[in-house]
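Here are the chains, one letter per residue:
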Amino acid sequence: MTTPALRTRPTTDTAPPRPPRRRRSAAAREGLAGWGFVAPALAVVLGLTIFPGVWALVLSFQRWDGFSPPSFAGIENYQDLATDASALAAAVHTLLYTVLFVPASLLLGLALAVALNRRIRFIGLYRTAIFVPFVASAAATGILATYLFSPQFGIVNNVLRVLHVPPQGWLEDRAEAMVVIVIMSLWGQAAFTTVIYLAALQDVPGDVLEAARIDGANNWQTFWRVVWPQLAPVTAFVGIYQTLQAVQLFDLVYATTRGGPLDATQTIVYYLWKTAFQNLQFGYGSAIAYGMFFVTLTATVIVTLVQRRAGRNASR
């Protein structure tokens, strides 16, 4: 007599599905844990960017000296800004600085990047030396500028005297002070464009360069016809970034000329600081800040759209 085989229940390694309540509680715990990690950074963003920005927007419609209760002014601050000759002069000085600094920064950074994109001895040392001024503070750069371009005991004028060239006024001359600011800005900021261009140059495919050389292109033709088109997006990014940095120029002017001589180097941000924190016109200073913000935003959007349209036309 044979006994029937016992039916065994198949075993699987998979766990039984969780009930819906457990799934929701687990998802809630994961969400809380994520918010716990994000909360410190979110608090910094809200406390240092969004809240001051909203508060400045509210202040731009008020008159407040920091002590007495604020009074509502409507759009009077913006109307005063439209007719303020000092603000217009500061904007012109900022535009002059931007026109001088941004193209020179791009050209100098590109030239240094091409020179450093080689396999030579001590190349790491050269690249480090180029980048060192970028990490220097604006205060150190300003002190260096005063020692270099002082009309009385500056090193530059001493060199000019040795070369039998008349010494210059530099930081004390209205026509030359902005040029000194541009030179010191290039000394401190050209390393940024150099690093960006150097990274872009190293991303250019080597087989494309080799094909250009095989076809008989010289170094200039290879750079202009092959390398430069691939640097166009990087150039647009660096140009916009350096323009934003130029519009916000403050620290170097504060450390060297304090807007002088005779307000020749007074930029719009320095005028904003002087209006708000020296004259205690916080409402008007906030209006200046938002006026500068909208002008900068509009210019950035226009440049970005033009660059995208040019890129689409080039790809066709």
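Up top you'll find the structure we're talking about.
Residues numbered from 1 in each chain as written. Predicted model: local features only at pLDDT ≥ 70, side-chain atom pairs only at ≥ 80, totals over all residues. Heavy atoms only, no water.

1. Details of the overall build of the protein
Along the protein, the regular secondary structure elements total 13 helices and two strands. The C-alpha radius of gyration computed for the protein amounts to 29 Å, which surpasses the reference 20 Å derived for 316 residues by more than 25%, pointing to a less compact arrangement than a globule. Oriented by its inertia axes, the alpha-carbon framework of the protein measures out at about 125 × 75 × 40 Å. Counting over 316 residues, the protein shows a buried share of 32%. Considering only contacts within the protein whose residues lie at least 6 apart along the sequence, 60% involve residues at least 24 apart. Put simply, the protein shows about 20,800 Å² of open surface, and 66% of that area lies on carbon and sulfur atoms. (Helix = DSSP H or I, 4+ residues; strand = E, 2+ residues; numbered from the N terminus. Rg over C-alpha atoms; globule rule 2.2 N^0.38 Å. Buried < 20%, exposed > 50% of the residue type's maximum accessible area, 1.4 Å probe, protein only. Contact = heavy atoms within 4.5 Å. Areas by Shrake-Rupley, 256 points an atom, 1.4 Å probe, with all protein chains shown as cover.)

2. Section: the environment of Q189
Along the chain, Q189 falls in helix α7 (residues 174–202). Overall, the relative accessible area of 27% leaves Q189 in the partly exposed class. When the C-alpha atoms of Q189 and I75 are compared, they prove to be 38 Å apart, with 114 residues separating the residues in sequence. Contact partners of Q189, with chain neighbours within four places excluded, come to F101, F134 and Q242.

3. Comments concerning the packing of helix α3 (residues 85–116) against α7
Two elements in contact, α3 and α7, have axes separated by 6 Å at closest approach and are oriented at 40°. Taken together, the axis directions place α3 and α7 in an arrangement best described as oblique. Both α3 and α7 take part in a crossing whose hand is right-handed. Partitioned by chemical class, the residues of the contact of α3 with α7 number 20 nonpolar, seven polar and no charged. (Axes fitted to C-alpha atoms, helices over the stretch in contact; angles between N-to-C directions. Parallel < 35°, antiparallel > 145°, perpendicular 65-115°, else oblique. Left-handed = near helix turned anticlockwise from the far one by under 90°. Nonpolar A, V, L, I, M, F, W, Y, C, P; charged D, E, K, R; others polar.)

4. Topic: the nonpolar core
Within the largest apolar cluster, 37 residues are counted, with the highest numbers of intra-cluster contacts made by Y97, F101, Y197, V227 and L231. Only α3, α5 (138–149), α7, α8 (206–214), α9 (219–230), α10 (232–247) and α11 (251–256) provide two or more residues apiece to this core. For this core, the element with the most residues is α7, which contributes 10 residues. Those residues within four positions of L231 in sequence are excluded, and the remaining contacts are L110, Y197, A200, L201 and F223. In this structure, A87, A90, I268 and Y284 belong to the second largest nonpolar core, which totals eight residues. (Core = buried A, V, L, I, M, F, W, Y, C linked by side-chain atoms within 4.5 Å.)

5. A closer look at the packing of α7 against α10
Two elements in contact, α7 and α10, have axes separated by 10 Å at closest approach and are oriented at 165°. In terms of axis orientation, α7 runs roughly antiparallel to α10. For the pair α7 and α10, the sense of crossing is right-handed. Facing Q189, F192, T193, I196, Y197 and A200 of α7, the residues of α10 in contact are V234, T235, F237, V238, Y241 and Q242.

6. Description of the pattern of salt bridges
Within this structure, the stated rule accounts for three salt bridges. With its nearest N and O atoms 3.3 Å apart, the salt bridge here joins D80 to R63. With D80 in helix α2 (residues 76–82) and R63 in strand β1 (residues 62–63), the pair connects residues that are 17 residues apart, well separated along the chain. Classification of D80 by relative accessible area gives partly exposed; the value is 34%. Judged by its relative accessible area of 37%, R63 is partly exposed. (Salt bridge = Lys/Arg side-chain N within 4 Å of Asp/Glu carboxyl O.)

7. Concerning the environment of I288
With respect to the helices and strands, the residue I288 is situated in helix α13 (residues 282–315). Looking at I288, the relative accessible area reads 2%, which means it is buried. Sequence spacing of I288 and T298 is 10 residues, and the spatial spacing of their C-alpha atoms is 16 Å. If sequence neighbours within four positions are ignored, I288 has contacts with L81, I268, Y271, L272 and T275.

8. As for the packing of aromatic side chains
All told, the structure shown has 22 aromatic pairs when counted by the stated rule. Aromatic rings pair up to connect F131, F134, F192, F237 and Y241 into one cluster. The residue whose ring lies beneath R258 is Y254, and the NZ or CZ to ring-centre distance is 4.0 Å. (Phe/Tyr/Trp six-rings, centres within 6.5 Å; stacked < 30°, edge-to-face > 60°. Lys NZ or Arg CZ within 6 Å of the ring centre and 35° of its normal.)

9. Some thoughts on the side chain of T141
The topology assignment puts T141 in helix α5. In this structure T141 comes out as buried when scored by relative accessible area, which is 7%. Those residues in contact with T141 that sit more than four places away from it in its chain are A136, M184, W187 and L252.

10. Points about a nonpolar patch on the surface
Side chains of W35, F37, V38, L42, V45, L46, I50, F51, V54, W55 and V58 sit close together on the surface and give an oily, nonpolar patch of about 1,100 Å² of accessible area. In this structure, V58 sits in helix α1 (residues 20–59). Judged by relative accessible area, which is 42%, V58 ranks as partly exposed. (Patch = residues over 30% accessible without salt bridge, like charges linked within 9 Å, V, L, I, M, F, W, Y side chains within 5 Å.)

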